Amino acid sequence: MERIKVCELLNKEAGIEVQVKGWVRTKRGNKNITFVALNDGSIVNNIQIVFDMNNFTEEQLKDVTTGACICVEGSLVASVGSGQKVEIHAGSLLVYGTASPDTYPLQKKGHSLEFLREIGHLRPRTNTFGCVLRIRHAMAFAIHKFFNDKGFFYLHTPLITASDAEGAGAMFQVTTLDLNNVPKSADGKVDYSNDFFGKATNLTVSGQLEGELGALALGQIYTFGPTFRAENSNTPRHLSEFWMIEPEMAFYEIKDNMDLAEEFIKYLVQYALDNCADDLKFLNDMFDKELIERLHGVVETQFVRLPYTEGVEILMKSGQKFEYPVSWGTDLQSEHERYLVEKHFKKPVILTDYPKDIKAFYMKQNDDGRTVRAMDVLFPKIGEIIGGSQREESLEKLENRIKELNMGTESLWWYIDTRRFGSAPHSGFGLGFERLLLFVTGMANIRDVIPFPRSPKNAEF
Ligand code: 4AD
Ligand code: MG
């Protein structure tokens with residue numbers, strides 16, 4: 001007999017023989033009858049399996065405990081009490097793997113998320129993480145679908161690179177040098193000439209710079225891969241390894257870029273509402289009673305579009321006491337971003353035209369000489385979910401900015417070359433995949449929306 005997944009079983013009509021495999025969630029009953037709730041990860045709901053104790057012995061069922069993995073064959077019958085349309089009346093049982101009640105950590109329901117983080121190897125077996133991981137999959141699929149339907153090409157940018165796209169300086173180095181005996185040159189600096197790549201390299205903080213090379217050849221591309229940042233930010237919104245989606249489009253000005261970003265997020269949220277209803281309902285009921293309402297809200301509202309300068313004026317006049325004081329020229333903290341979104345406008349905000357000194361070198365310079373054509377999309381509960389900009393396409397302006405920032409044009413020669421040969425207006429942005437998932441799942445901590453989180457002092461598995 002062939003195994004049927006629980007997600008399919010629950011929609012079948014009674015009257016057939018079935019085989020099901022999965023992990024025991026609960027077992028209860030008496031000497032006449034035993035009920036087992038079985039989950040196989042295909043859906044948040046369990047299938048109820050009924051063992052008639054006239055046909056099974058206690059001994060046969062003793063290993064059927066919470067967490068054990070079993071295979072059951074039996075007949076699918078209409079259910080009266082299980083809350084589902086159907087249940088299985090067991091004919092045969094095979095125990096694949098036991099889980100001792102004395103040591104299996106997931107005995108009861110309702111473990112705290114903090115505790116589950118300590119048993120990250122087992123937490124995918126909980127309802128909560130099942131929901132989150134299925135939604136994560138659905139969002140990844142929807143991202144590819146969105147761009148594919150629009151004729152964008154998926155470009156694979158390198159994870160090991162010699163450049164620092166964001167200039168934030170928080171990079172993980174990649175080296176095969178012997179750290180106990182690092183070769184130095186005469187000036188006392190590390191000599192990378194004998195390193196694997198013959199130069200200093202790091203894990204990428206963003207695929208954007210290589211993405212621009214693709215956009216200026218293929219027209220419209222997107223990247224979707226892991227990025228790495230060694231900043232010591234122990235917050236519920238930062239990871240050291242996170243996934244980012246970075247579309248890059250030739251011939252897009254900043255307004256086109258904003259339009260695409262808004263359409264993109266709304267598409268993804270709508271996709272979740274349409275395709276992840278069971279999982280969203282579970283998360284809504286368990287963690288965040290306003291989740292589904294908030295998702296609908298985003299799909300239905302037009303995002304506010306506002307220059308940074310006006311945003312700062314609103315914050316300064318707000319009378320609100322912020323932990324970090326705000327004035328023109330300061331980088332906005334998440335408390336400022338959330339004030340604008342949650343208290344002032346009560347909807348998502350796209351903030352544009354930031355001071356050039358708090359943004360990356362590649363952003364298109366405005367005529368005022370002090371701002372750049374940046375855009376950050378700010379979301380309720382999250383703060384910044386997207387960062388992007390129109391790019392500086394003028395060779396002269398770009399080179400001057402790189403010099404101003406003492407970045408050294410040598411290592412970026414290939415990037416600068418795109419402005420030398422067939423330069424074009426172009427724009428792009430980066431969506432933090434886990435920030436999106438925070439919003440869509442309503443989870444409060446970014447470590448709970450990625451299967452194996454990496455954060456300062458935390459790299460188990
Ligand atoms: O604003 P960021 O740094 O922008 C870039 O990297 C650009 N190169 C993107 C582009 O224009 N192609 O990062 C983009 C997004 C942020 O808005 C945020 O959602 C997410 O990436 N992000 C993080 N997510 C989790 N943990 C971190 N440490 C993050 N840093 C940024
Ligand atoms: Mg940013």
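Residues numbered from 1 in each chain as written. Chains lettered and ligands numbered in written order. Predicted model: local features only at pLDDT ≥ 70, side-chain atom pairs only at ≥ 80, totals over all residues. Heavy atoms only, no water.

**Considerations on the pattern of salt bridges**
The tally for this structure, following the rule as stated, stands at 26 salt bridges. Glu434 is the partner of Arg136 in a salt bridge, and the nearest nitrogen-oxygen pair spans 2.9 Å. Placement of Arg136 in helix α4 (residues 127-149) and of Glu434 in helix α13 (residues 433-441) is noted, with a sequence separation of 298 residues between them. One salt bridge in this structure joins Arg305 and Glu262, with 3.1 Å as the shortest N-O distance. Separated by 43 residues along the polypeptide, Arg305 in strand β12 (residues 304-307) and Glu262 in helix α6 (residues 254-275) bring together distant segments of the chain. (Salt bridge = Lys/Arg side-chain N within 4 Å of Asp/Glu carboxyl O. Helix = DSSP H or I, 4+ residues; strand = E, 2+ residues; numbered from the N terminus.)

**Focus: the site of ligand 1**
Neighbouring ligand 1 are 24 residues; Glu166, Gln208, Glu246, Glu384 and Ile385 lie closest to it. A distance of 2.7 Å separates a nitrogen atom of ligand 1 from a polar atom in the side chain of Glu246. For ligand 1, a nitrogen atom lies 3.5 Å from a polar atom in the side chain of Tyr362. Bound to the protein, ligand 1 loses 93% of the 630 Å² it would expose on its own. (Near = heavy atom within 4 Å. Polar contact = N/O pair within 3.5 Å; in protein donor to acceptor, adjacent residues only side chain to side chain. Areas by Shrake-Rupley, 256 points an atom, 1.4 Å probe, with all protein chains shown as cover.)

**What to know about the domain arrangement of the protein chain**
By domain assignment, the protein chain separates into domain 1 (6-97) and domain 2 (124-169 + 205-448). Of the residues lining the interface, nine residues belong to domain 1; the matching set on domain 2 comes to eight residues. Of the roughly 580 Å² buried at the junction of domain 1 and domain 2 (both faces included), carbon and sulfur atoms supply 42%. Taken together, domain 1 and domain 2 are joined by zero salt bridges. Applying the counting criterion to the domain 1 and domain 2 interface returns three residue pairs in polar contact (both at pLDDT 80 or more). Here the residues of the side of domain 1 that touches domain 2 are counted per class, giving three nonpolar, five polar and one charged. (Domains from an automatic or database assignment. Contact = heavy atoms within 4.5 Å. Buried area = accessible area lost by both parts, 1.4 Å probe. Nonpolar A, V, L, I, M, F, W, Y, C, P; charged D, E, K, R; others polar.)

**Regarding helix α12 (residues 413-420)**
Those residues of α12 that fall on the buried side of the exposure criterion are Tyr415, Ile416, Asp417, Thr418 and Arg419. Tucked into the core, α12 has its buried residues touching α5 (208-218), α11 (395-404) and β16 (426-432). (Buried < 20%, exposed > 50% of the residue type's maximum accessible area, 1.4 Å probe, protein only.)

**Overview of the environment of Met407**
By the element assignment, Met407 lies in the loop between α11 and α12. The spacing of Met407 and Gly167 is 240 residues in sequence and 8.4 Å in space, taken between C-alpha atoms.

**Let's talk about the sheet that holds β16**
Within the open sheet, the eight strands sit side by side as β6-β10-β11-β16-β15-β14-β13-β12. Their pairing is mixed. Looking at which strands have only one partner, the edges of the open sheet turn out to be β6 (153-154) and β12. With six bridges joining them, strand β14 (residues 371-379) and strand β15 (residues 383-390) adopt antiparallel strand pairing. Each residue of the ladder has a partner; that of Leu378, found in β15, is Glu384. This element, α6, spans β11 (241-250), β12, β13 (349-355), β14, β15 and β16 of the sheet and lies at about 30° to β16. (Pairing = 2+ DSSP bridges. Axes fitted to C-alpha atoms, helices over the stretch in contact; angles between N-to-C directions.)

**A word on the sheet that holds strand β3 (residues 47-52)**
Here we have five strands rolled up into a closed barrel, ordered β1-β2-β3-β5-β4, and mixed in their pairing. The sheet shows a mean angle of 55° between the axes of neighbouring strands, taken without regard to direction. One ladder, built from six bridges, connects strand β1 (residues 17-29) with strand β2 (residues 33-39); its direction is antiparallel. Within the sheet, the bridge partner assigned to Lys27 lies in β2 and is Val36.

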